[in-house]
Amino acid sequence: MTAIRQRLRGLASRHDLSTVIACAFDHRTRILPFIYADLRMIPAGVRAIGSALADSGFGKTRVVLQQWNRNFSPSQMRLDGRIPDLFLVSSMHLHSAECDRLIQDANRIDPAQRPLIIAGGPRIIYEPWQVFSSDANHPWGADVAVTGEEYVLLHLLEVLLSMRARNETLRAAFLRARQAGALDEIPGLVYSRSATPDGPCEELVDTGIQRLLGDLDELPYPVLGYQLMEPPSAAATLGPHALPANRVRKHCTVSSIVLTTGCKFRCSYCPIPAYNQRQHRAKSGERVADEMQQIAETYGIVNFFGTDDNFFNDTKRTLDIAEALARRVNTRQRPYCKIRWATEATIHDTLRLQEHLPVIRQSGLMALWLGVEDLTGTLVKKGQDESKTIRAFRLLREHGIYPVPMMMHYDAQPLVTWKSNQGLLNQLGTLRKAGALYTQVLMLTPSPGSKWYEDTYTSGLAIAEVHGAAVEPHIVDGNYVVASKHPRPWLKQLNLLAGYTYFFNPLRLAFALVRSKSAIPWADLETRPPEDVARYSVWQRIRRRLYLKARAHVIDAGVQLFGMYGLMHT
Ligand code: B12
Ligand code: SF4
């Protein structure tokens, strides 16, 4: 990776490339529990691709989020006064409709000037064929789909630029490279073959599974990506300049950050182990601390969300990151003392790492999203059960970390049960008592790339249409019942809403003001290094506790208000 980045910097000066990267986003998907994070966190995927291009010398790059620019029209885009050489689209499965619309709109550009269209991101990794139309009456599509990460894109660019003739468009160079078979040496691509360059797709060529970058420290720094953002607007075209550094934080309050990838578990409904080729990869602690420092100092963003699948997966790697961050936090200098972050992990690994929770808290970890799924383990077993989950939640709370349960509702789970904890509301009640302030309740839904995926469709579990309305990608997000053998699937849908109403309601709001669930004032002092605590006088300690108690009520009530707002919107 490092070598490719260096070689591309050499090539970049000879090719004045300009690139627009669009992040597809369907605004119909804006519902609980992802409201806020969906707009206020710039997705790491497009930011990473932008960083990789800027780092390789292609600074004329703009990242457009449909989250912020819903009227953006690729056929009208101009960058530096001209049609860009490259148009990249990133999409998740549920944003398919917008992803296709963006590509179709880009296809309207005159073929002689058309940018090379590359599709990538989570949707494309699992279903690359979806961005190539074989309809003779409506041929459209990307030129190539990348089913991998930055490494694959840079490898492709290197091959194309080394073949590109003077004054040739990048797309023309691509068509020649495709014809000559030069793409076949790049694993992680899918491209189409047709009788004419712009005809319907007749055949797809898959060059194989991507080669994964082993050492994530070789990735370009994410700080670069933030300087490429298109300012939010209602226009179809691009603005003259990217969003200035001092305005980034106004629109992006949380920065996603890649720390580790992969997970040792093998849940049948989850595509993550296969995507990672059963590997676990990580950045070094020092590198993570540098990235956070750069982003905090350049843009003033001090809240981070780790894109980990299971941050506690590997003790050595977890501690390398946590200890490096804690060392810098303990210097009590800015920006480290301001940094707060959250991520995802499993119950099993939280308990395994319990003795290290003090240092993990010191590193700035504030909240942990935990895949509880089902307390009784009926749906899935990954080392969690009721007593273990409650113990993990209590331990986290005692160390000042907020646990956020991710629940999965399924056909056989009742809404309420007597004398057992199988019911959805029973489980939510237990988790609330154990210290959960926020929650996520999704329905078990087919996920492309998972072991269960095909079976969901072949077994008749998946619903094709309901009363004439087709199940479209924008509702395949876990918030809708789209796969069920329940005699009354609509009941399951209501159960999801009942779960949120039980968790977020005016009664709990009132209660939060009197006796807060987030009141753990002792944790703050106990997770600090002893020498720190010794510096406080008795009066300072009392004041600190009173302040933390008041803050706890505000947090609890704030989360309730936020949940109720989200629920009404949903
Ligand atoms: C953080 C996160 C969220 C955040 C996103 C906030 C934000 N604005 O960034 C929140 C909590 C809101 C969220 C919500 C949902 N999420 Co989510 N989320 C993640 C998570 C954990 C990290 C995403 C990330 O930043 N990764 C790091 C970046 C660097 O990786 P990346 O995006 O894949 O990008 C790389 C490659 O894909 C590629 N690439 C990306 N774009 C492009 C473009 C081009 C042109 C090229 C060449 C390459 C390329 O290069 C990138 C760099 O390596 C991933 C799992 C994971 N570990 O990736 C799931 C994931 C993206 N989420 C997923 C899902 C399904 C959802 C939900 C539908 C809920 C659900 N049922 O789980 C909702 C949808 C909400 C909505 N309205 O959009 C799925 C998507 C599956 C799919 N096939 O589309 C994932 C992959 C998890 C999984 N199950 O496998 N999510
Ligand atoms: S523990 Fe979570 S990330 Fe790991 S395989 Fe299971 S669902 Fe996927």
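As a reminder, the structure under discussion sits directly above these lines.
I will try to describe carefully the structure that is included in this document. Fair warning: this is a prediction, and the values are worked out from it, not measured in the lab. (Residues numbered from 1 in each chain as written. Chains lettered and ligands numbered in written order. Predicted model: local features only at pLDDT ≥ 70, side-chain atom pairs only at ≥ 80, totals over all residues. Heavy atoms only, no water.)

### Looking at the pairing of strand β14 (residues 365-373)
(1) Moving on: Most of β14 is tucked away: eight of the nine residues are buried.
(2) Moving on: Bridge analysis of strand β13 (residues 340-345) against β14 gives five bridges, and the strand direction is parallel. Bridge pairing links Thr343 to Leu368 in β14.
(3) Moving on: With five bridges connecting them, β14 and strand β15 (residues 402-409) associate as parallel partners. Within β15, the residue paired with Glu373 across the bridge is Met407. (Buried < 20%, exposed > 50% of the residue type's maximum accessible area, 1.4 Å probe, protein only. Helix = DSSP H or I, 4+ residues; strand = E, 2+ residues; numbered from the N terminus. Pairing = 2+ DSSP bridges.)

### Some words on the nonpolar core
(1) Moving on: Counting residues in each nonpolar core, the largest one holds 120 residues, and the members touching the most others are Ile118, Leu183, Trp341 and Ile360.
(2) Moving on: It is helix α6 (residues 150-163) that contributes the most residues to this core, nine residues altogether.
(3) Moving on: When residues no more than four places from it in sequence are discounted, the contact partners of Ile118 are Leu86, Phe87, Leu88, Val89, Val144, Val146, Leu153 and Leu156.
(4) Moving on: Counting residues in hydrophobic clusters, the runner-up holds 26 residues, among them Val20, Val64, Cys99 and Ala119. (Core = buried A, V, L, I, M, F, W, Y, C linked by side-chain atoms within 4.5 Å. Contact = heavy atoms within 4.5 Å.)

### Notes on the packing of aromatic side chains
(1) Moving on: Summed over all chains, the structure comprises twelve aromatic pairs.
(2) Moving on: On the basis of an interplanar angle of 55° and a centroid distance of 5.2 Å, the ring pair of Tyr226 and Tyr299 is categorised as tilted. Within this pair, whereas Tyr226 is found in the loop between β8 (203-206) and α8 (245-251), its partner Tyr299 is found in helix α10 (residues 285-299), the two being separated by 73 residues in sequence. Across the pair, exposure class does not vary: Tyr226 and Tyr299 are buried alike. (Phe/Tyr/Trp six-rings, centres within 6.5 Å; stacked < 30°, edge-to-face > 60°.)

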